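Residue strings, one per chain:
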Amino acid sequence: MEINLQKISGLSISLDEENLDLIFDGNFPFIEKSKRSLNDLRPYLKNPEAKNGPDPAYRIWRRAHLKKDDEKIRSAGLRYDLTLLPSGTIDGEFVKTAGHYHLPYPEIYEVLRGRAYFLIQSFEESAEKIKSVYLAEAGPGEKFVIPPGFGHNMINVFGEPLLTANLVSEKAEHDYEPYKNNHGACYYFLNGGNLIDIVKNPNYDSAPEIKKIRAREYPEFGLTKENPLYSLINNLQQLKFLNHPEEFEGEWRNW
Ligand SMILES: [Fe+2]
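Reference entry: report on the structure contained in this document.

Reading guide: rules and limits
- Residues numbered from 1 in each chain as written.
- Predicted model: local features only at pLDDT ≥ 70, side-chain atom pairs only at ≥ 80, totals over all residues.
- Heavy atoms only, no water.
- Phe/Tyr/Trp six-rings, centres within 6.5 Å; stacked < 30°, edge-to-face > 60°.
- Helix = DSSP H or I, 4+ residues; strand = E, 2+ residues; numbered from the N terminus.
- Buried < 20%, exposed > 50% of the residue type's maximum accessible area, 1.4 Å probe, protein only.
- Lys NZ or Arg CZ within 6 Å of the ring centre and 35° of its normal.

**Digging into the packing of aromatic side chains**
Logical step 1: Overall, the coordinates contain 14 aromatic pairs when judged by the stated rule.
Logical step 2: Their ring planes at 75° and their centres at 5.0 Å tell us that Y80 and Y230 sit as a pair that is edge-to-face. Of this pair, Y80 sits in strand β6 (residues 78-85) while Y230 is found in the segment after β18 (211-214), placing the two residues 150 residues apart along the sequence. In this pair, the class of Y80 matches that of Y230, namely buried.
Logical step 3: Consider the rings of Y109 and F118, whose centres lie 5.4 Å apart with planes at 50°: the pair is tilted. For the pair Y109 and F118, a shared accessibility class is recorded, and that class is buried.
Logical step 4: Among the aromatic residues, those joined into a ring-pair cluster are Y218, F221, F241 and F248.
Logical step 5: Over the ring of F158 we find R115, and its NZ or CZ is 5.9 Å from the ring centre.

Shown next, in the form of structure tokens:
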């Protein structure tokens with residue numbers, strides 16, 4: 001079945017649920033489509049030998065903006081991407097993205113379909129000593145800002161495909177190594193039958209307990225549930241904090 005995502009995303013796109021793919025209707029000449037195979041994800045898994053799970057583990061469309069918006073997004077120094085995760089588990093671990101840091105740049109995520117768990121972590125001294133770890137849940141239309149200084153990955157525990165959009169600085173360099181070296185984020189999300197088993201990743205020297213937070217609106221930046229993230233492309237000035245992290249204020253400064 002094809003699910004039209006125009007209203008929620010602000011773009012002429014549909015989700016091909018059967019093939020777990022996206023259909024673009026319009027002129028999107030800059031898209032770089034890629035996939036993370038099960039093999040690519042292996043170093044980030046609780047069990048790197050895992051055999052059973054969706055392959056590819058997820059798909060990414062980078063620079064998924066319309067030709068007519070190219071000048072706007074490039075001059076703002078930003079990139080708009082889409083990520084699609086199937087539901088299910090890989091040897092008992094819920095499907096997830098690898099995880100990376102792009103210090104000090106923040107990133108805005110938006111859920112377009114399904115529900116997401118965003119797991120963010122920050123460290124001090126070394127990447128193995130986690131200072132704080134937060135888990136945010138978000139559903140369709142909801143936005144979540146990865147604050148400056150945090151690494152992030154997302155986990156699909158909700159039994160349906162998960163599609164997200166994100167906006168991030170072109171200057172952000174993605175550092176996957178700390179996640180790779182430690183076989184994932186500091187917590188794993190495992191299928192425990194009727195419940196989700198959240199277990200500490202023993203490869204880290206230390207990690208505090210997870211604090212759960214809710215995705216919330218940031219009306220000062222135009223980030224509300226009703227407003228597709230893509231629609232902000234017409235006023236990227238208000239998202240200046242993506243290239244100037246010091247301008248992103250908020251409670252996270254105490255995290
Ligand atoms: Fe990121």
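**Describing unusual backbone geometry**
Logical step 1: The linkage connecting D55 with the following residue, P56, adopts the cis geometry, with an omega of 5°.
Logical step 2: Mapped onto the elements of the fold, P56 is located in the loop between α2 (38-41) and β5 (58-62).
Logical step 3: Of note, the bond from L103 into P104 is cis; its omega dihedral lies within 30 degrees of zero at 0°.
Logical step 4: Tracing the backbone shows P104 in the loop between β9 (100-101) and β10 (107-113).
Logical step 5: In this model, L20 sits at a positive phi of 45°, which is unusual for a non-glycine residue.
Logical step 6: The topology assignment puts L20 in the loop between β2 (13-16) and β3 (21-24).
Logical step 7: For H183, which is not glycine, the phi dihedral falls at a positive 55°.
Logical step 8: As for its position among the elements, H183 is in the loop between α4 (177-181) and β16 (187-191).

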